[in-house]
Every structure is written in structure tokens, then in C-alpha cells.
Amino acid sequence: VTTNSRAQVTLNYALIIACSLIAIYPLVGVVLASLYPSGTSTSPSGFALPPTFAWHNYVAAWDQGKFAASFGTSIIVAAIMVPASVVLSIVAGYAFATMHFRGSKVIFYLFILGLIIPTEATIVPLFYDVRALHLLDTYWALILLEVSGELAFGVFWMRAAFLSAPPSLLEAARIDGASSWQTMRKIMVPFARPAILTLAVLTFADSWNEFFLALVFTVSHTTAPAGLASFSGRYTTNIPLVSAGAVIVAVPILIVFIIFQREFMRGMLTGAVKG
Amino acid sequence: VPAFVVFSVFVIAPMLDGAWISLFEWDGVTVGHWVGLANYRQALGDPAVRQAFLHSLVLIGFYAVLPITVGLVLTAALSHAGVRGSTAVQTVVFLPQVLAAVVIGVSWKWLYDPQGPINAALGAVGLDTLERPWLGDFSAALPAVGVIGTWVTTGLCLVLFTAGAQRIPLSRYEAARVDGAGPVREFFAVTLPGLRYELQVVLVLTVIGTLGTFDEIYVLTAGGPGTSTTVPAYLVWRRAFQTGQVGSAAALGIILMLIIFAVTYGINRLMERGADA
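All values reported here derive from a predicted model rather than from experimental measurement. (Residues numbered from 1 in each chain as written. Chains lettered and ligands numbered in written order. Predicted model: local features only at pLDDT ≥ 70, side-chain atom pairs only at ≥ 80, totals over all residues. Heavy atoms only, no water.)

A. Structural context of the overall build of chain A. Helix and strand content of chain A: 13 helices and zero strands. The principal-axis extent of the C-alpha atoms belonging to chain A is close to 75 × 65 × 30 Å. Only carbon and sulfur atoms are counted for the fraction: they give 67% of the accessible area of chain A, which is about 12,700 Å². Treating the 14 positive side-chain charges of chain A as one cloud and the 11 negative ones as another, the clouds have centres 9 Å apart. (Helix = DSSP H or I, 4+ residues; strand = E, 2+ residues; numbered from the N terminus. Areas by Shrake-Rupley, 256 points an atom, 1.4 Å probe, with all protein chains shown as cover. Lys, Arg positive; Asp, Glu negative; His and termini not counted. Charge placed at Lys NZ, Arg CZ, Asp CG, Glu CD.)

B. Quick peek at the packing of helix α5 (residues 86–98) of chain B against helix α8 (residues 141–166) of chain B. Residue and element names in this part refer to chain B. Running from N to C, α5 and α8 point in directions that differ by 130 degrees, and their axes come no closer than 7 Å. One element, α5, and the other, α8, form an angle in the oblique class. In the crossing of α5 with α8, the sense of the turn from one axis to the other is left-handed. Residues Gln 90, Val 93, Phe 94, Pro 96 and Gln 97 of α5 pack against Trp 151, Val 152, Thr 153, Thr 154, Gly 155, Leu 156, Leu 158, Val 159 and Thr 162 of α8. Looking at the contact of α5 with α8 residue by residue, the classes come out as eight nonpolar, six polar and no charged. (Axes fitted to C-alpha atoms, helices over the stretch in contact; angles between N-to-C directions. Parallel < 35°, antiparallel > 145°, perpendicular 65-115°, else oblique. Left-handed = near helix turned anticlockwise from the far one by under 90°. Contact = heavy atoms within 4.5 Å. Nonpolar A, V, L, I, M, F, W, Y, C, P; charged D, E, K, R; others polar.)

C. Quick look at the nonpolar core. Formed by 171 residues in total, the largest nonpolar core has its most connected members in A:Val124, A:Met158, A:Phe217, A:Leu228 and B:Phe94. Considering each element in turn, this core owes the most residues, 15 residues, to helix α3 (residues 67–98) of chain A. Discounting residues that sit within four places of it in the chain, A:Phe217 has contacts with A:Ile123, A:Leu126, A:Phe127, A:Val130, A:Leu136, A:Asp137, A:Ala141 and A:Leu145. In terms of nonpolar packing, the next biggest core, distinct from the first, is built from five residues, B:Ile168, B:Tyr173, B:Ala176 and B:Val190 among them. (Core = buried A, V, L, I, M, F, W, Y, C linked by side-chain atoms within 4.5 Å. Buried < 20%, exposed > 50% of the residue type's maximum accessible area, 1.4 Å probe, protein only.)

D. Here's a closer look at the packing of helix α12 (residues 239–259) of chain A against helix α6 (residues 101–111) of chain B. Two numbers describe how α12(A) lies on α6(B): the axes approach to 9 Å, and their chain directions differ by 155 degrees. By the angle between their directions, the pair α12(A) and α6(B) is classed as roughly antiparallel. In this structure, α12(A) crosses over α6(B), and the sense of that crossing is left-handed. Contacts between α12(A) and α6(B) pair A:Ile239, A:Val242, A:Ala246, A:Val249 and A:Ala250 from the former with B:Val103, B:Val106 and B:Trp110 from the latter. A breakdown of the residues in the contact of α12(A) with α6(B) according to their chemical character gives eight nonpolar, no polar and no charged.

E. Seen up close, a nonpolar patch on the surface. All names here are of chain A. Side chains of Ile 76, Ile 80, Trp 140 and Leu 144 sit close together on the surface and give an oily, nonpolar patch of about 340 Å² of accessible area. If you list the elements that add at least two residues to the nonpolar patch, you get α3 and α6 (139–163). Its location among the elements puts Ile 76 in helix α3. Looking at Ile 76, the relative accessible area reads 34%, which means it is partly exposed. (Patch = residues over 30% accessible without salt bridge, like charges linked within 9 Å, V, L, I, M, F, W, Y side chains within 5 Å. Salt bridge = Lys/Arg side-chain N within 4 Å of Asp/Glu carboxyl O.)

Everything listed is a geometric property; what it means functionally is a separate question.
So this is what it looks like as C-alpha cells:
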């Protein structure tokens, strides 16, 4: 492995550093832009530090973007939706991985179909269903649709995780006389902890970032990204203020990502693409 | 079979089924006019629809082909011994993936601003002639949106490819080296075939993702200027909720779904055929 020439190693590094810079630059640029004094004629260049750090932009964006309300919605929806979706995924994934029941194949294929179809394609019938249930502009519309949207992936993911468990683990539990339910809770769930954590982070990210459903189904209970979209529509020319709004909406998911970064990346690397 | 299985099947399946069955009642939800397949016939002959799908095709280049290429090159570069901090690089490149499309849209809208950093950078290096209002330019807007997709999706490709590359046995690399393969040939002879399954998954994911693109378009261009960045999902939304062409929108949704089925099936068949060859 040491046959690489010097030039090649240098080229590798140059490539990697260039890509990392391109990946990070727009994000850093937005943070810089958000700290420019708003409403002045000097528009942020994106390369230099602002003349003065206008932290006040964040307060202004928070108030004028009415982010208190949209954050509230996003938090409520995520708080119900993430546990519900993860628990259902675990239970169903366990069922698909460990038992064969009548129609299990058919149902599993249905799930795969659900994995493929984007909400955008089914939005019209969905809208009228939700209206018929009198759930328009409620938290429940978002929660139910997000759970059903996330479930296909979750079940698929958890099934793969449970399938990777050594069969001896299951057998030992059975010999000890554990019921199927106990086996799942006491043995399989601890075994699949990394996969569950990764799924929870992904689910939270999807929920927090939900925009399309919020745009279609809610008016007053809008989510944080939808709040940002309308905020940026109203203040197009005020780049520092809009940038501050973007950073505000990005911060919660970034915090979660950074906290679980190590486990999350490991979960992605080992759990991904097993099917 | 324990009760909880039944429970999960009965709780979960109806949820999906609900979404499913509803697909077929779209005729009924319009104002009551039975029009049969007229919506479909109209949609297939509609130049706006064709144009939207054509835009998707262009975007697939940016959302699928480019990120996969860059992802592969980066994977190869990272997998070579002597490169430190590869996890950090992965994390950084993956970062855009966890952000809301709206956040990304707002950020790039500023980058693409006529007075924004991209034009400023072009001016600084003497390429003033390339400066333009990127998102307001009829020919530049679609590629400009596409580049954002490349930026977002590359991280996903990189992480999945790295995961796959780790599973390629070292012995195969050694064998290739014994045969005198250089890094480039080694890549094509060992790494690429070893990543076949990951490639298949990534291709399906990114192509489907492209066909469903909505958020970025809504925030960045609203389909414009003119209709130069209108994509199918955006057309569905606008017809259903802005211009009151519900039947047409529902038909478009079904067409979009069928195309996604066909594409997914096609990719899987193609990749499996490639495996046999």
C-alpha cells in the first residue's frame, strides 16, 4: 500500500481538500452573511468578515420570521412523530426479519413500493383524504403523513439490522423460554441500538426539514422550513436577515447531527445498503 | 404467530394502503365530471408536461450522474492509505444532506444573486463575461439549480460508497497490484465492480429523488424564469393548488409514479444484467 507516489498523494489531498471546501463554503458564507449589518448598502461579499458583528440580526429574524410559532409546530410534530415512527419500524422490522406469516411477502413488497413513491406524486388524493378527515391545518395531518412517509424506509432499515443478528442469539433466547415479544425487547433491540439511533436521527432530520407537506396541508401550523420560505419571500433583498433565518432553522438539526455524529456515521457505514 | 405481529400489520398496512387506495379515486374527487382518460391524454400531449420531464432528465445529470462520479473519485482518493481524517471529510461532505432543502435554497439564492459571491468571484478573476443573474437567466437557471443538487447529493454517495469499499477484501487489491495494475486500473478492475450493489442503490435513490424534486424549485425559482425550471412535482403542486386543475394534477401524479416505477425497475434490471455479464 506504500507504492503511491508522492505526486499522487498530493493530488489526493488536493482533491479532498477542494471538495471539503466546496462542501463547507456555502454554509460558512451564510453564517458570515447573517452577521452583516442589515439594510446597509454594503452587501455581504461572502468572503470577508463583516465590518461589525450584527448579532442583532438573529433577534430580528426570530421575531419578524415568527419562528417561535413555527419552531413550536416543528417540535411538537417531531416529538410525537419520531418515537411513533421508530417504534413502529422496530416492531414491523422485527416481524419481517424473524417470522414468516401469511402474506408477509406481499406486505413487504408494498413497503418497498412505499419506499419508491415520493409524496409529490400522491399529493392530490392525499389532500382530499385529509380534508375528508377534517385534518387540514392540524398537527395530526403532518404527524400521520410524516409517519407513513417515514415508515417504509424505517421498516426496511430495521429489518436489515435485525437480519444481521446472529441466529444463535435468537436461539439462545428461545431455549431460555423467552416469548417473541421478550426476545425483541431484551435482546434484539439492544443488539440493534446503533441502527435504531441512526434511524432516529434520520427520521428527526426528515421531520424537522419537512416543507412540502407543511406547504400543502397547513396554514397557521406551519413548520420551521415553511416559515423560513415565507420569511425569505417577504424579505428577498435583506440578505443578512434572511441568512440569519436560514441559520436559525438549521441550528437544531446541526446540533442533533453533531451530538450523534460519531454513532450516526458508523450506523450509516455499517447499516446502509444491506438489504 | 404472536398478537403483536397482527397488530403491526393491521396498524401499519392500512396507513400505507390508505395512501395507496386513494390513488385510484382521483376521478371522483374532481367536480364530479367523469372524464375518463381525457386528463391523461391531455397530459401526454401537453408541451408543458413534456418540458417538465425533460427538465428532470437534465437534472438527473446533476443529481445522480455527477454526484456518483465525484463520490467515486473521492472514495478512491480517500481509500488510499496515507489519507488522514477521512471520517472528518465524510462528515463535512455529508453535512448538506441533513439540512432542510429550504435552508439550502435560501443559502444558494444568495450565492447566485447578481451581486452575490459567485459573480463577485468571477469578476475578481477577470471572468466578468460569465457573470449573470444565474437564477433569472433562461439558459443558466436549470444548470444552476442542478449544481446545488450535486452539492447536496455527493455526500450521500460518498458515505455509501465508502461503506461498500470497506467491504472489498484487501486480497483483491493485492492481487491487482501483483498483476501490475496502477491506481487507475485498480479502480476500474477492483473498486468499481466491488461497488456494484451500492451503485445500484445510489442510482435508484438519486434518480427517484430527482423526479420528486420540489422544495428547491419552489424556493429558488418558482419554476421560472418563464417555465425554464419547472419540474413535474412542481407542476403537480401548481395545478392542484394554484390553478385549480385538480384532475390534471392527479393524472400527472400517477404518470410521475408510473415513470418512477419504470425507472426503478429499469435500473435494477440493467444492474443485474451487468452483474451477469
